[in-house]
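Spelled out from the first residue to the last, the chains are:
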Amino acid sequence: MKKIIAALLLLVAIVSAAWRVGEKEIFVSKYYSKLSQIVKDNNLKCDFYPNGKARLYVIDQEISLLERSGIEYKIIKEDLKAFAENFWTSEVPSGYYTTAEITDLADSLSNAFPDLCQKYVFGATALGTELAALKITDNPDIDENEAEVMFDGGIHGDEVGGAENCIRFAREILQSYESDEYIRGLIDNREIWIYYSVNPDGRNAMERENSQGVDCNRDWGYMWNGESGSSGAYSQNESKALRDCAYNRNFVVHTTYHSGIEFISHPWSYRSSQCADNAHINQLAGLYASSSGYANIPYGPGNTGMYPINGSSKDTNYGAYGSISWSMEISVDKQPPSTQIQYYYNLNKPAMLTMIEYSGYGISGTITDETTGEPVKATIFVNDYF
């Protein structure tokens, strides 16, 4: 009982410290060339979106900077501190899972479907929260010569749709294995990884960053640049754990779920020029878009389609590991009403199945030593492409 009380008190402390007193979430819907300079000069927390839109997290003194520059804005959340404290207390809004419930669901799936699902633990956060993923395939305890694909969610703790999307998808495909021939074929011939909660402490606090105040999507090694609190490449437990999951697999397609806009953001994010595989990645992103339930979701390189960032998971998964990797921004609202959770899941489910299917197309096989016949580590390039 003492441990439970201590844990609850710690969670309350985290939640109450996550936002500054009087901090607001505001939205700028018009293009202002001076906004980016104001953000940079005053170190404001801001997400820039296509067509000049931006979401900022500011207190009254910082809002006055925008007002003096004639920048119009709309207040989305009047008091983020109060919102965070109330979001997970008492009853969670109907339809939302808490972090603990998501973990319990993952455990129940691995227990209920031991022949199809195995849970892998990759570490723990600074607060001791488990960091884990589900591997779903017909032989989960064996590394078979099958295409691997990964979905992760919740790298930003206040973007609650991603983790929901991941755990719901894991549950549905496992429950559909016997009755749905198409899903059964995917599970039998692919290795599907669901990393269901990348930043659980951030989600508990309803804060973008982790418990150490670091944006885990600026903490990756490829073109790391010390942004958003990151003191060094992979400085955080959350980044290390997700890196280890990716590094020891061969993910053909990696999708990381975000929210705040509706956009498929693929490499590069750190530079404006196109990556070598841009045409192929763009083609597959178009397939995600067309097979999803979105009417016309845009897609393209993150640097020009959204805003420049360094040290992102998608740039690292592509630039270092050769995976087709992107951030899928599933909803404009970072915390959609609970009545819309299933709606956004339904929009993405058919595209997730399509990515699993297409991950197995193309060249595949094992590279072996000519004399011994044993597998060897190697990288294949076709022309200039991975």
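Residues numbered from 1 in each chain as written. Predicted model: local features only at pLDDT ≥ 70, side-chain atom pairs only at ≥ 80, totals over all residues. Heavy atoms only, no water.

Asker: What is the right way to look at the overall build of the chain in this model?
Answerer: Check the secondary structure of the chain and you find 13 helices and twelve strands. Across its three principal axes, the chain shows a C-alpha extent of roughly 70 × 55 × 40 Å. Out of the 386 residues in the chain, the part that is buried amounts to 52%. Partitioning the contacts of the chain with sequence separation of at least 6, the portion at a separation of at least 24 is 75%. Roughly 17400 Å² of accessible area belongs to the chain as shown, and the carbon and sulfur atoms make up 50% of that amount. Averaging the locations of the 31 positively and 51 negatively charged side chains of the chain gives two centres separated by 7 Å. (Helix = DSSP H or I, 4+ residues; strand = E, 2+ residues; numbered from the N terminus. Buried < 20%, exposed > 50% of the residue type's maximum accessible area, 1.4 Å probe, protein only. Contact = heavy atoms within 4.5 Å. Areas by Shrake-Rupley, 256 points an atom, 1.4 Å probe, with all protein chains shown as cover. Lys, Arg positive; Asp, Glu negative; His and termini not counted. Charge placed at Lys NZ, Arg CZ, Asp CG, Glu CD.)

Asker: Sorry, what's going on with the sheet that holds strand E6 (residues 130-136) here?
Answerer: Whenever strands of a sheet pair, they do so through backbone hydrogen bonds, lying parallel or antiparallel. Spatial ordering of the open sheet is given by E5-E6-E8-E7-E9-E12-E10-E11, a layout of eight strands whose pairing is mixed. Looking at the sheet topology across the chains shown, the edges are occupied by strand E5 (117-124) and strand E11 (299-301). Looking at each pair of strands side by side, their axes are set apart by 20 degrees on average, direction ignored. In the sheet, E5 pairs with E6 via seven bridges, with the strands oriented antiparallel. Residue pairing for E6: Gly123 is matched across the bridge by Leu131. (Pairing = 2+ DSSP bridges. Axes fitted to C-alpha atoms, helices over the stretch in contact; angles between N-to-C directions.)

Asker: Could you clarify how one ought to interpret the pattern of salt bridges in this entry?
Answerer: As a working rule, side chains carrying opposite charge can pair if their charged atoms are close by. For the coordinates displayed, the defined rule picks out 24 salt bridges. Between Lys349 and Glu172 there is a salt bridge, and its shortest N-O distance comes to 2.4 Å. Of this pair, Lys349 sits in helix H13 (residues 341-358) while Glu172 sits in helix H6 (residues 161-175), and the two are 177 residues apart along the sequence. You can call Glu172 partly exposed: its relative accessible area is 23%. (Salt bridge = Lys/Arg side-chain N within 4 Å of Asp/Glu carboxyl O.)

Asker: Teacher, can you tell me more about the sheet that holds strand E4 (residues 74-77) here?
Answerer: Strand order in the open sheet formed by four strands is E2-E3-E1-E4, with antiparallel pairing between adjacent strands. Edge positions in the open sheet fall to strand E2 (45-48) and E4, since each of these has one partner strand only. On average, each strand axis in the sheet is tilted by 25 degrees relative to the strand beside it, whichever way the strands run. For strand E1 (residues 24-28) and strand E3 (residues 54-58), the ladder comprises five bridges, and the chain directions are antiparallel. Bridging from a neighbouring strand, Ile26 pairs with Leu56 of E3.

Asker: Help me understand the nonpolar core, please; the structure alone is not making it clear to me.
Answerer: As a rule of thumb, soluble globular proteins bury nonpolar side chains together. Of all hydrophobic cores here, the largest spans 52 residues; its most connected members are Phe151, Ile194 and Trp326. With eight residues, H13 is the single largest residue contributor to this core. Apart from residues no more than four positions distant in its own chain, Phe151 is found in contact with Cys166, Phe169, Ile192, Trp193, Ile194, Tyr195, Thr255, Tyr257, Met352, Met355 and Ile356. (Core = buried A, V, L, I, M, F, W, Y, C linked by side-chain atoms within 4.5 Å.)

Asker: Where do I start with empty space enclosed by the protein in this structure?
Answerer: One way to see where empty space is left: roll a probe the size of a water molecule over the atoms. Scanning the model with the defined rule gives five cavities of 30 Å³ or more in all. As a volume, the largest cavity reaches approximately 160 Å³. In this structure, the largest cavity is lined by 19 residues; those nearest its centre are His258, Met306, Tyr307, Ile309 and Glu329. Here the residues of the lining of the largest cavity sort into four nonpolar, eight polar and seven charged. Here the second largest cavity defines a volume of roughly 90 Å³. Forming the boundary of the second largest cavity are Tyr96, Val160, Gly161, Glu164, Asn165, Arg168, Ile330, Ser331, Pro336, Ile341, Tyr344 and Tyr345. The set of elements that each furnish at least two residues to the lining of the second largest cavity consists of H6, strand E12 (324-331) and H13. (1 Å grid on protein atoms, 1.4 Å probe; cavity = no way out; pocket = protein on both sides within 12 Å on 5 of 7 lines; lining within 4 Å. Points joined across faces, edges and corners; volume = space filled by probe spheres on them. Nonpolar A, V, L, I, M, F, W, Y, C, P; charged D, E, K, R; others polar.)

Asker: How should I be thinking about the packing of H6 against H13 in this particular structure?
Answerer: Angle between the axes and distance between the axes: these two values describe a pair of packed helices. It is at 10 Å that the axes of H6 and H13 come closest, and there the two elements cross at 65 degrees. Pair H6 / H13 crosses with right-handed handedness. Between H6 and H13, the contacting residues are Glu164, Asn165, Arg168, Phe169, Glu172 and Ile173 on the first element and Ile341, Gln342, Tyr344, Tyr345, Asn348, Lys349, Met352, Leu353 and Ile356 on the second. (Left-handed = near helix turned anticlockwise from the far one by under 90°.)

Asker: Help me out: how do you make sense of the environment of Thr103 in this one?
Answerer: Tracing the backbone shows Thr103 in helix H5 (residues 99-112). Taking C-alpha positions, Thr103 is 9.7 Å from Ala133, a pair spaced 30 residues apart along the chain.

Asker: It is not clear to me how a nonpolar patch on the surface should be interpreted in this structure. Could you clarify?
Answerer: A contiguous nonpolar surface patch, about 460 Å² in accessible area, is contributed by Ile363, Ile367, Val376, Ile380 and Val382. With respect to the helices, strands and loops of the structure, Val376 is situated in the segment after H13. Overall, Val376 belongs to the partly exposed group, its relative accessible area being 39%. (Patch = residues over 30% accessible without salt bridge, like charges linked within 9 Å, V, L, I, M, F, W, Y side chains within 5 Å.)

Asker: Could you clarify how one ought to interpret the layout of surface pockets in this entry?
Answerer: Roughly 2300 Å³ of volume is contained in the largest pocket. Around the largest pocket, the lining comprises 47 residues; the ones closest to its centre are Asn250, Phe251, Val252, Gly322 and Ile363. Looking at which element gives the most residues to the lining of the largest pocket, the answer is helix H10 (residues 278-291), with four residues. Of the residues assigned to the lining of the largest pocket, the class counts are 24 nonpolar, 15 polar and eight charged. Taken as a whole, the second largest pocket holds about 730 Å³ of empty space. Around the second largest pocket, the lining comprises 21 residues; the ones closest to its centre are Val39, Asn43, Leu44, Cys46 and Ser228. Elements with a minimum of two residues in the lining of the second largest pocket: helix H2 (35-42) and E2. The greatest single-element share of the lining of the second largest pocket, amounting to four residues, is contributed by E2.

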